[in-house]
Amino acid sequence: MVTENMAQLHISTDPAALDVALIHQFLSERSAWARGIPRATVERAIANSLCFGAYRDGRQVGFARVTTDRATFAYLADVFVVEAERGQGVSKMLMAAVLAHPDLQRLRRFMLATSDAHALYARYGFTPPARPATLMERYFPDIYAASSA
């Protein structure tokens, strides 16, 4: 799937187009949620997810990853836009492409976690859980730091 728009910016789900080095570098060094993540873990996550790359002039400038069964459930993760491209609508194009993807239609539940982009996701219909008492998690926020020690 390719969406053309915004002065040479396009979104693609072609795994061969992904700049895995950039994705790993951003997640492991610049993200708040995956600092220290090993490259092998990033590669395994990409291989087992539906990934969206945002590209301008042949360079990857954004990324989003969806873990899904393509029938009932999806989880949006690892969404980022490189600093030089922020404020130019890249995240909005990524989200529009994610939500328009044919494999992500009519899902019963589509989840994500965010610490600072609530307004972005709210414009696409994401809300706090309607029934938070029904959700549980196993959460290990420092797992990558522990594995590199």
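Residues numbered from 1 in each chain as written. Predicted model: local features only at pLDDT ≥ 70, side-chain atom pairs only at ≥ 80, totals over all residues. Heavy atoms only, no water.

Right, let's talk about helix 2 (residues 39-47) for a bit. An α-helical turn contains 3.6 residues, so a residue and the one three or four places further along point in the same direction. Those residues of helix 2 that fall on the buried side of the exposure criterion are V42, A45 and I46. End-on, the buried residues of helix 2 take up no more than an arc of 100°, which puts them together on one face. Of the exposed residues in helix 2, the ones pointing more than 90 degrees away from its buried face are R44 and A47. Summarising the contacts, the buried residues of helix 2 are in contact with helix 1 (20-30), strand 3 (50-56) and strand 4 (59-68). (Buried < 20%, exposed > 50% of the residue type's maximum accessible area, 1.4 Å probe, protein only. Helix = DSSP H or I, 4+ residues; strand = E, 2+ residues; numbered from the N terminus. Arc of directions from axis to C-beta. Contact = heavy atoms within 4.5 Å.)

Let us now look at the packing of helix 1 against helix 2. Packing of helix 1 against helix 2 leaves a shortest axis separation of 10 Å and a crossing angle of 120°. As helix 1 packs across helix 2, the resulting crossing turns out to be right-handed. Between helix 1 and helix 2, the residues in contact are V20, A21, I23, H24 and L27 and R39, V42, E43 and I46, respectively. Of the residues assigned to the contact of helix 1 with helix 2, the class counts are six nonpolar, one polar and two charged. (Axes fitted to C-alpha atoms, helices over the stretch in contact; angles between N-to-C directions. Left-handed = near helix turned anticlockwise from the far one by under 90°. Nonpolar A, V, L, I, M, F, W, Y, C, P; charged D, E, K, R; others polar.)

Right, let's talk about the nonpolar core for a bit. Counting 39 residues, the largest nonpolar core has F52, V66, L76, L104 and F110 as the members making the most contacts within it. It is helix 3 (residues 90-100) that provides the largest number of residues to this core, a total of six residues. Not counting the four nearest positions on each side in its chain, L104 is found in contact with L50, F52, V66, T68, A74, V98 and F110. (Core = buried A, V, L, I, M, F, W, Y, C linked by side-chain atoms within 4.5 Å.)

This model, assessed by the stated rule, comprises six salt bridges. Two residues, R39 and E43, come together in a salt bridge whose shortest N-O distance is 2.7 Å. Highlighted residues: R39 and E43, both in helix 2, separated by four residues, approximately one helical turn. Note on R39: relative accessible area 36%, which makes it partly exposed. The salt bridge involving D78 is made with R65; its shortest N-O contact spans 3.0 Å. Of this pair, D78 sits in strand 5 (residues 73-81) while R65 sits in strand 4, and the two are 13 residues apart along the sequence. According to the relative accessible area criterion, R65 is buried, its value standing at 13%. (Salt bridge = Lys/Arg side-chain N within 4 Å of Asp/Glu carboxyl O.)

So, to be careful, I would describe these as geometric facts and stop short of saying anything about function.
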